[in-house]
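Spelled out, the chains give:
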Amino acid sequence: MALDRSDVEKIAHLARLQIAEQDTQEYAKNLSSILDLVDQMQAVDTTDVAPMAHPLDAVQRLRIDEVTEDNQRDHLQTVAPAVEAGLFQVPKVIE
């Protein structure tokens, strides 16, 4: 798909980009080559390809979910100006 100068100007306007007049032809060439690549990729038959989340067989190392620190909520809330039911109270900032 070949783009011309007016297409690049429309795209630049929609994207709110300022492109110098002398660079418009180069942008048209680059964008056209990108769209040609997309066309090539869309032409590939992927019916037998399974969708995957990652191209590598990456496995997350898991650890045991265990508590490693003591609950210090009461101690930490002693310096709070306002606390109710274990929660910090803050002034309302939005009406």
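Please refer to the structure placed before this passage.
Below or above, wherever it landed, is the structure these notes cover. Here the structure is a predicted model, which means the values were calculated and not measured.

Along the chain, Q77 falls in the loop between α3 (73-76) and β1 (83-84). Among all residues touching Q77, those that are not within four sequence positions of it are V83, G86, L87 and F88.

At a minimum axis distance of 9 Å, the contact between helix α1 (residues 5-14) and helix α2 (residues 24-42) shows a crossing angle of 90°. For the element pair α1 / α2, the angle class is roughly perpendicular. Counting all contacts with α1, which are made through R5, V8, E9 and I11, the residues of α2 involved are T24, Y27, A28 and L31. Tallied by class, the residues present in the contact of α1 with α2 amount to 5 nonpolar, 1 polar and 2 charged.

Here α2 contains 19 residues, and its C-alpha end-to-end distance of 27 Å stays within 8% of the 27 Å for a straight helix at 1.5 Å per residue. Taken residue by residue, α2 has T24, A28 and S32 as its buried positions. Projected down its long axis, α2 shows its buried positions confined to an angular sector of 70°, all on one face. Of the residues in α2, the exposed ones pointing more than 90 degrees away from the buried face are K29, Q40 and M41. Residues of α2 that are buried in the fold lie against α1.

What counts, and where the lines are drawn
- Residues numbered from 1 in each chain as written.
- Predicted model: local features only at pLDDT ≥ 70, side-chain atom pairs only at ≥ 80, totals over all residues.
- Heavy atoms only, no water.
- Helix = DSSP H or I, 4+ residues; strand = E, 2+ residues; numbered from the N terminus.
- Contact = heavy atoms within 4.5 Å.
- Axes fitted to C-alpha atoms, helices over the stretch in contact; angles between N-to-C directions.
- Parallel < 35°, antiparallel > 145°, perpendicular 65-115°, else oblique.
- Nonpolar A, V, L, I, M, F, W, Y, C, P; charged D, E, K, R; others polar.
- Expected span 1.5 Å × (residues − 1).
- Buried < 20%, exposed > 50% of the residue type's maximum accessible area, 1.4 Å probe, protein only.
- Arc of directions from axis to C-beta.

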